[in-house]
Amino acid sequence: QVQLVESGGGLVQPGGSLRLSCAASGSIFSINNMDWYRQAPGKERELVARASSIGSTYYTDSVKGRFTISRDNAKNTVYLQMNALKPEDTAVYYCKMVIHASGTYYTMDYWGKGTLVTVSS
């Protein structure tokens, strides 16, 4: 069974930094997109950043220049380095990966359970 586990969330002051990690485990043949989403209370879940298997990246406008997504394929892990954090970055951050499990002929979306990031003085 494939599972995703996020870590690295917590409380940080405005202007501070955090690094989130998400590791996939299980019988995995390959991983396509590795994504970070976030959801604040009363707001819709939004895509924050994406790292594709061909090396391209995407960032939503509000985090460009502050966040960096990266992946370690050998560890089936994606990271989100968050700098210059703002109160409006406060949200539950979720990892999502498109994974081709071993022994299958298709890919599926897998989600982590989320990690809370709170930016407050």
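The preceding data block contains the structure.
Treat the numbers as computed from the prediction; the structure is a model and nothing was measured. (Residues numbered from 1 in each chain as written. Predicted model: local features only at pLDDT ≥ 70, side-chain atom pairs only at ≥ 80, totals over all residues. Heavy atoms only, no water.)

Caption draft 1: Focus on the nonpolar core. If you look at the biggest cluster of nonpolar residues, it comprises 31 residues, and the most contacted ones within it are Leu4, Trp36, Leu80, Met82, Tyr93, Met97 and Ile99. Looking at this core, the elements with two or more residues in it are β3 (18–25), β4 (28–39), β5 (46–51), β7 (67–72), β8 (77–82), β9 (91–101) and β11 (115–119). (Core = buried A, V, L, I, M, F, W, Y, C linked by side-chain atoms within 4.5 Å. Buried < 20%, exposed > 50% of the residue type's maximum accessible area, 1.4 Å probe, protein only. Helix = DSSP H or I, 4+ residues; strand = E, 2+ residues; numbered from the N terminus.)

Caption draft 2: Main features of the sheet that holds β7. On the basis of which strands lie adjacent, the open sheet formed by 4 strands has the order β1-β3-β8-β7 and antiparallel pairing. Of all strands in the sheet, those bounded by a partner on one side alone are β1 (3–7) and β7. Strand-to-strand, the axes of this sheet are offset by a mean angle of 15 degrees, without reference to chain direction. Judged from the 6 bridges that link them, β7 and β8 form a sheet pairing that is antiparallel. Its bridge partner lying in β8, threonine 68 is registered against glutamine 81. (Pairing = 2+ DSSP bridges. Axes fitted to C-alpha atoms, helices over the stretch in contact; angles between N-to-C directions.)

Caption draft 3: Structural view of the pattern of salt bridges. Here the structure, examined in full by the defined rule, presents 7 salt bridges. Across the pair glutamate 46 and arginine 38 runs a salt bridge whose closest N-O atoms are separated by 2.7 Å. Relative accessible area serves as the criterion here: at 27%, glutamate 46 is assigned to the partly exposed category. We classify arginine 38 as buried; its relative accessible area is 6%. Lysine 96 serves as the salt-bridge partner of aspartate 109, at 3.9 Å between the closest nitrogen and oxygen. You can see aspartate 109 sitting in strand β10 (residues 107–111) and its partner lysine 96 sitting in strand β9, a full 13 residues away along the chain. Its relative accessible area of 8% is what places lysine 96 among the buried residues. (Salt bridge = Lys/Arg side-chain N within 4 Å of Asp/Glu carboxyl O.)

Caption draft 4: Layout of the state of the cysteines. Counted under the stated rule, the structure contains 1 disulfide. For cysteine 22, the disulfide goes to cysteine 95, at an S-S distance of 2.2 Å. Torsion about the S-S bond of the cysteine 22 and cysteine 95 cystine: about -85 degrees, corresponding to left-handed handedness. Taken as a pair, cysteine 22 in strand β3 and cysteine 95 in strand β9 lie far apart in primary sequence, 73 residues in all. (Disulfide = S-S within 2.5 Å.)

Caption draft 5: Seen up close, the pairing of β1. Side chains Leu4 and Glu6 project from β1 onto a buried face, and the interleaved Gln3, Val5 and Ser7 project onto a face without burial. Bridge count between β1 and β3: 5 bridges; the pairing is antiparallel. Residue serine 7 lies in a different strand from β3, and its bridge partner there is serine 21.

Caption draft 6: Spotlight on a nonpolar patch on the surface. A surface patch of nonpolar side chains, about 440 Å² in accessible area, is lined by Tyr105, Tyr106 and Met108. Here methionine 108 lies in strand β10. What makes methionine 108 partly exposed here is its relative accessible area of 38%. (Patch = residues over 30% accessible without salt bridge, like charges linked within 9 Å, V, L, I, M, F, W, Y side chains within 5 Å. Areas by Shrake-Rupley, 256 points an atom, 1.4 Å probe, with all protein chains shown as cover.)

Just geometry here; none of it tells us what the structure is for.
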